[in-house]
Amino acid sequence: MTHVKALSALDLAFFVLESRERMSTVGPLAILKLPARTRSAASFADRLLRAMQVEPVGTPFDMRYRGPGLHGLPRLESVTGVDAAAHCHRHSLPAPGTDAQLFEFVCRLHERRLDRSRPHWELHVVDGLAGRRIAVYFKVHHGLLDGRGLVEVFRRWFSADPADRSVRAPW
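What counts as what
- Per chain, residues are indexed from 1 in the order of the written sequence.
- Where local features are concerned, this predicted model is filtered to residues with pLDDT of at least 70; where side-chain atom pairs are given and counted, the filter is 80 or more; whole-chain, interface and lining totals use all residues.
- Excluded from the side-chain calculation are hydrogens and water; included are all heavy atoms of the structure.
- Only Phe, Tyr and Trp rings are paired, with Trp represented by its six-membered ring, and only when their centres lie within 6.5 Å; those with planes under 30 degrees apart are stacked, over 60 edge-to-face, the remainder tilted.
- A run of H or I in DSSP becomes a helix once it reaches four residues, and a run of E becomes a strand once it reaches two; helices and strands are each numbered from the N terminus.
- Relative accessibility thresholds used throughout: buried, under 20% of the residue-type maximum; exposed, over 50%; partly exposed, between the two (1.4 Å probe, protein chains only).
- Throughout, a residue-residue contact means that at least one pair of heavy atoms, one from each residue, lies within 4.5 Å.
- Think of a polar contact as two N or O atoms within 3.5 Å of one another; within protein, one of them needs to be a possible hydrogen donor and the other a possible acceptor, and neighboring residues in sequence only count if both atoms come from side chains.

Draft legend 1. Focus on the packing of aromatic side chains. In this structure the tally under the stated criterion is 9 aromatic pairs. On the numbers, 5.8 Å between centres and 65 degrees between planes, the contact of Phe138 with Trp157 is edge-to-face. Residue Phe138 is located in strand E8 (residues 133-141), and its partner Trp157 is located in helix H4 (residues 147-157); the two are separated by 19 residues in the primary sequence. The pair Phe138 / Trp157 is uniform in exposure class, with both members buried. A centroid spacing of 5.4 Å and a plane angle of 75 degrees characterise the contact between Phe154 and Trp157, whose relative ring orientation is edge-to-face. One end of the pair is Phe154 and the other is Trp157, both in helix H4 and 3 residues apart, which spans about a single turn.

What follows is the structure, given as structure tokens:
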């Protein structure tokens, strides 16, 4: 059964006013230092991504925009069987990558419009950074998740406890 969510005027505006020149995405970037005993940033990034991809995709990350039509006003509709792996991407910068190279790369990712035929988010894991670090960039449409919602996602995704080694996905 498809779940339908009405859009607020503000959320609707983020969808209908979006253009190539004016994107409506937010994209927090987290730079993570590798755990002390980790030998390879690439293998750590691979393991992290695999662990997140098996997490089930819940609301609102299972929803996509549907414009006005015969079925009524614009809305968000749930999509059954969302494959998290199809939204996740793995990248490597030429080592040792600088923060400037990472920021330039993430800017290029952020410039691309999200595919409207599927739920409106992407996750990118990047290795190759200097200083035993990896980056996680989470791009989501602003009409799907506002600032308050994004803070809540981060609260659930990351732990304030350095001893907590459990992997959680933002979705």
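Draft legend 2. Examining unusual backbone geometry more closely. For the peptide bond that leads from Thr59 to Pro60, omega is 10 degrees, which places it in the cis range. Checked against the element boundaries, Pro60 lands in the loop between helix H2 (41-53) and strand E4 (63-66). Cis geometry is adopted by the peptide bond preceding Pro96, which originates at Ala95 and carries an omega value of -5 degrees. Checked against the element boundaries, Pro96 lands in strand E6 (residues 88-97). With phi around 55 degrees, Arg132 is a residue other than glycine that occupies positive phi space. Following the sequence through the fold, Arg132 ends up in the loop between strand E7 (121-129) and E8.

Draft legend 3. The arrangement of the environment of Arg90 in detail. Looking at where Arg90 falls in the secondary structure, it is placed in strand E6. Under the relative-accessibility criterion, Arg90 is labelled partly exposed at 26%. Along the chain, Arg90 and Pro60 lie 30 residues apart, while their C-alpha atoms are 23 Å from each other. If sequence neighbours within four positions are ignored, Arg90 has contacts with Ala42, Ala45, Asp46, Leu49, Val125 and Asp127. Polar side-chain contacts of Arg90 include one of 3.1 Å to the backbone oxygen of Ala42. A polar contact of 2.7 Å, which involves the side chain of Arg90, links it to the side chain of Asp46.

Geometric descriptors of this kind do not, in isolation, establish any biological role.
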